[in-house]
Each structure stands twice: as C-alpha cells, then as structure tokens.
Amino acid sequence: MAHSALLQVPVALSVNNDVSLRKSVFKTNLVSFHEKSWSSSPSLDFRVASSQSRARPVVCMSVQQASKPKAAVSPLSLEDAKEPPMHLFKNKEPYTGTIMSVERLVGQNAPGETCHIVIDHGGKVPYWEGQSYGIIPPGENPKKPGNPHNVRLYSIASTRYGDSFDGKTASFCVRRAVYYDPETGKEDPSKNGVCSNFLCDSKPGDKVQITGPSGKIMLLPEDDPNATHIMIATGTGVAPYRSYLQRMFMENVPTFKFGGLAWLFLGVANTDSLLYDDEFSKYLKDYPDYFRFDRALSREQKTRNGGKMYAQDKIEEYSDEVFKLLDNGAHIYFCGLKGMMPGIQETLKKVAEQRGESWEEKLSQLKKNKQWHVEVY
C-alpha cells in the first residue's frame, strides 16, 4: 500500500497571543488526500509550550467561534454501521498489522517513557472511538511453553479514520513498563512489561499481531451532538479522549457536527509528562466555547491544602459545576490506572454529601442513565 509522503517544515507559533516561541521548531505533517493538503497538529516541545499555556486560567470563554478548516476523512462508509465492529479477529487468528511509526511523547524529565505508536491495519480491522485492540507480542509465553503470549488490550488513541484520515491506521499511547528491583534499585529486564517494551522498541515495517476490536463502555455517544462530555484521565488513559477530541474538533465528519462541551481533566506527574498537549492546546485556542482543559501535575502543582495535585483535586475545584452538568445529563468518563478510582470516588462522595445528596443514589442514577463510563487497568 502506498502511503502519503510526510514533509517536515519549521513554523512559527504564538501561544496565548503574547508569547513568541522563537527558538521552538515544530514538525508539521502534511498529508495529501485527493489533491488537498491537510496539516496535522504540530509536534511540540512540551516543556516550553505547556508551561506557557498554564500561565492563564482555563475558562469557557464566550467568544464567537471562528470558522476553522478541518481535515477531510475517507472512506465515509465507516459512518454507515449501526453497531460497533466487535471481535473481527480472534486470539487464535489475529490480523498481522505493520508498525508505521513510533514517537516518544514525553520530555526528558518525565518519569518513564511514553510513546505514540501508529499501526497500519490496511482497513481490515475497523473500529469506533473508545474501543480497544488486543496486541499479541512475539515470542513464547514463559508460563505456557509452546504457546504465544497472552493478549494485552490497548485503548485506541485515534478516530476510526486514523492519524492519516484514510481509515487504514490505528494509534496507541503506550507507556514502557519497566521493573526496578527495590533492593538494588537496578532495572530487572526479566520482569519488564513484555508487550509495552515490544511496542516501544518496534521500528517502522515491523509486524504486529492484532485482535479485536473490543469494548462498548467507552464508546462516544453521538445521539446528541450538543451533549457535555467530562473526561478524566491519568497518564495513558488519555488515549480514548484523544480520539473523541479529534472527531469533535479536527475532522470534517458530515454525519457528526459537535456543538456541545468537551471538558478534559488530565493527571500526570509534571509538565514533561503531558501527553498530546500541543493538540489539546490548539483545540482550546480554536474552540474555546466547546472545549475546556485542566491539567493536574502532581509533582509541580499544590492543592489549597498544600498537598500534591491529582486529577480528583482538580475535579473538586470545579465540583459544583461538574455536578450541575451531570444533573443536566452530561456523560462522565474515567480512564487510567485502577488506583485512580478510589480517590475520585471519595472526592465525589464528599462533594455529594456537602450538597445534601446520597452519592450511592446519584451513582446508581448515573449508571442507569448510561452517563457513567469507566475503563481502568
């Protein structure tokens, strides 16, 4: 399959209209489709841009939305299905995809390494936003000699059209799982994450075994294009939200014109750990009436009480507004490590009690109304 050529050009960018990043150089991918060129979001030095974008409070401003050109997508037949594709490829007969690119997403001061990985599935493994692929890493399962490794599930971080808008790729946000011996402090490769290291170490052209797609709980409800979507993520849990936001703000999808509110809460360790911050900052600039973005940087920001700032602390800051939106039918999503949920649940319970409400009853109602979406691992 022939792929469109990528052209790298330096561009100048102004952040917040008053800060010029003179020394920053961005890579812009120009992808040609049907004799039109579309520019994907530039890859940005997170340390510079993120620190600047945090300088002003994030609010939903009442300004007239300018008309922004969006990327053409194809094939539009991907919009025709009434139900999401499910389990097209099983564990015993996976689809063989091809690694297209692996790009480090985080800066030098981020704890650990997180990569953006694009896989070519040739249009044979279609999916919807919010679904996952299974990946079978190469090699033998040490616990079951003679058998392949177990399948690892990864949330897809791109829309059904993929990063090249042609319906033939899927993207993943993968953090390399590395184990350090608590006594020696040294890395023990034998205990490192098999699949995450395979993906982060892979090179363009490498083959990868894909199963799926799977998952319905995180599908983006599109029956009401004016709905509110509150998205809460820790780390790589931001993956499905990237796909939602691309569909809402980057792509020209004739059957889906988003006119609601998307509100993203992202918790990471520090500025260098921010994921897709360039894309999200651009949406914030281009669609201030439709997108809000709050970052929780646990190693750089403090709560009012002087503690570390986590995602649940950001939610608590805006708790009255969040609860009012939920009362009005907003969808709320949680994606990330399992450890995020107890703290968030405790915060929401405390806020509910302060409002004279029973959190158990409210949670039950949110689930009944299909407003509550959780995917943790």
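Predicted, not measured: the structure shown is a model, and the values here were computed from it.

*Asks:* I'd like to hear about the UniProt feature "binding site: NADP(+)" (unreviewed entry) in the chain, residue by residue, with values.
*Replies:* Feature annotation in UniProt assigns "binding site: NADP(+)" (unreviewed entry) to the following positions: Ser 155, Arg 175, Thr 236, Ser 298, Arg 299, Lys 308, Gly 336, Leu 337 and Glu 375. For Ser 155, the position within the fold is in strand 9 (residues 152–155). Among all residues touching Ser 155, those that are not within four sequence positions of it are Gln 131, Ser 132, Ser 171, Phe 172, Ala 239, Pro 240, Cys 335 and Glu 375. Summarising the element assignment, Thr 236 is placed in the loop between strand 12 (228–234) and helix 3 (239–250). With a relative accessible area of 18%, Thr 236 lands in the buried category. Those residues in contact with Thr 236 that sit more than four places away from it in its chain are Thr 114, Cys 173, Val 174, Arg 175, Leu 275 and Tyr 377.

*Asks:* Account for the packing of helix 3 against helix 4 (residues 277–286), naming residues and giving values.
*Replies:* Relative orientation of the contacting elements helix 3 and helix 4 amounts to 40°, with a least axis distance of 11 Å. Handedness of the helix 3/helix 4 crossing: left-handed. For the pair helix 3 and helix 4, the contacting residues are Arg 242, Leu 245, Gln 246, Phe 249 and Met 250 in the first and Glu 279, Phe 280 and Tyr 283 in the second. Of the residues in the contact of helix 3 with helix 4, the class split is five nonpolar, one polar and two charged.

*Asks:* Kindly report on the pairing of strand 15 (residues 291–297), identifying the contributing residues and their values.
*Replies:* Taking burial as the measure, the seven residues of strand 15 include seven buried ones, the bulk of the element. Because side chains alternate across strand 15, one face comprises the buried residues Phe 291, Phe 293, Arg 295 and Leu 297, and the other comprises Arg 292, Asp 294 and Ala 296, equally buried. Pairing analysis gives seven bridges linking strand 14 (residues 261–268) to strand 15, with the strands arranged parallel. Counterpart to Ala 262 in the pairing with strand 15 is Phe 291. Note on the crossover from strand 14 through helix 4 to strand 15: the handedness is right-handed.

*Asks:* For a positive patch on the surface, give the residues involved together with the corresponding values.
*Replies:* A contiguous patch of positive charge, built from Arg 175, Arg 299, Lys 302 and Lys 308, is present on the exposed surface. Within the fold, Arg 299 resides in the loop between strand 15 and helix 5 (311–317). Exposure remark for Arg 299: the relative accessible area of 57% places this residue in the exposed category.

*Asks:* I'd like to hear about the packing of helix 7 (residues 340–354) against helix 8 (residues 359–368), residue by residue, with values.
*Replies:* In the contact formed by helix 7 and helix 8, the axes pass within 9 Å of each other and the chain directions differ by 115°. When the interaxial angle is binned, helix 7 and helix 8 end up roughly perpendicular. The residues of helix 8 that touch helix 7, namely those facing Gln 345, Leu 348, Lys 349 and Ala 352, are Trp 359, Glu 360 and Leu 363. Looking at the contact of helix 7 with helix 8 residue by residue, the class counts come to four nonpolar, one polar and two charged.

*Asks:* If you had to explain the side chain of Asp 277 to someone new, which residues and values would you point to?
*Replies:* In this structure, Asp 277 sits in helix 4. With a relative accessible area of 0%, Asp 277 lands in the buried category. A polar contact of 2.9 Å, which involves the side chain of Asp 277, links it to the side chain of Arg 295.

*Asks:* Give a detailed account of the packing of aromatic side chains, specifying residues and quantitative values.
*Replies:* Under the counting rule described, the total for this entry stands at 22 aromatic pairs. Note on Phe 256 and Phe 258: the rings are 6.3 Å apart at their centroids and 40° apart in plane angle, and the pair reads as tilted. For Phe 256, a relative accessible area of 5% puts it in the buried group. Assessed through its relative accessible area of 11%, Phe 258 is described here as buried. Among the aromatic residues, those joined into a cluster by ring pairs are Phe 249, Phe 256, Phe 258, Tyr 276, Phe 280, Tyr 283, Tyr 287, Phe 291 and Phe 293. The ring centre of Trp 263 lies 3.8 Å from the NZ or CZ of Arg 292, which sits over that ring.

Procedures and definitions
- Residues numbered from 1 in each chain as written.
- Predicted model: local features only at pLDDT ≥ 70, side-chain atom pairs only at ≥ 80, totals over all residues.
- Heavy atoms only, no water.
- UniProt positions renumbered as here; feature names shortened; annotations may be inferred.
- Helix = DSSP H or I, 4+ residues; strand = E, 2+ residues; numbered from the N terminus.
- Contact = heavy atoms within 4.5 Å.
- Buried < 20%, exposed > 50% of the residue type's maximum accessible area, 1.4 Å probe, protein only.
- Axes fitted to C-alpha atoms, helices over the stretch in contact; angles between N-to-C directions.
- Left-handed = near helix turned anticlockwise from the far one by under 90°.
- Nonpolar A, V, L, I, M, F, W, Y, C, P; charged D, E, K, R; others polar.
- Pairing = 2+ DSSP bridges.
- Right-handed = clockwise from strand over helix to strand, strands pointing away.
- Patch = residues over 30% accessible without salt bridge, like charges linked within 9 Å, V, L, I, M, F, W, Y side chains within 5 Å.
- Areas by Shrake-Rupley, 256 points an atom, 1.4 Å probe, with all protein chains shown as cover.
- Salt bridge = Lys/Arg side-chain N within 4 Å of Asp/Glu carboxyl O.
- Lys, Arg positive; Asp, Glu negative; His and termini not counted.
- Charge placed at Lys NZ, Arg CZ, Asp CG, Glu CD.
- Parallel < 35°, antiparallel > 145°, perpendicular 65-115°, else oblique.
- Polar contact = N/O pair within 3.5 Å; in protein donor to acceptor, adjacent residues only side chain to side chain.
- Phe/Tyr/Trp six-rings, centres within 6.5 Å; stacked < 30°, edge-to-face > 60°.
- Lys NZ or Arg CZ within 6 Å of the ring centre and 35° of its normal.

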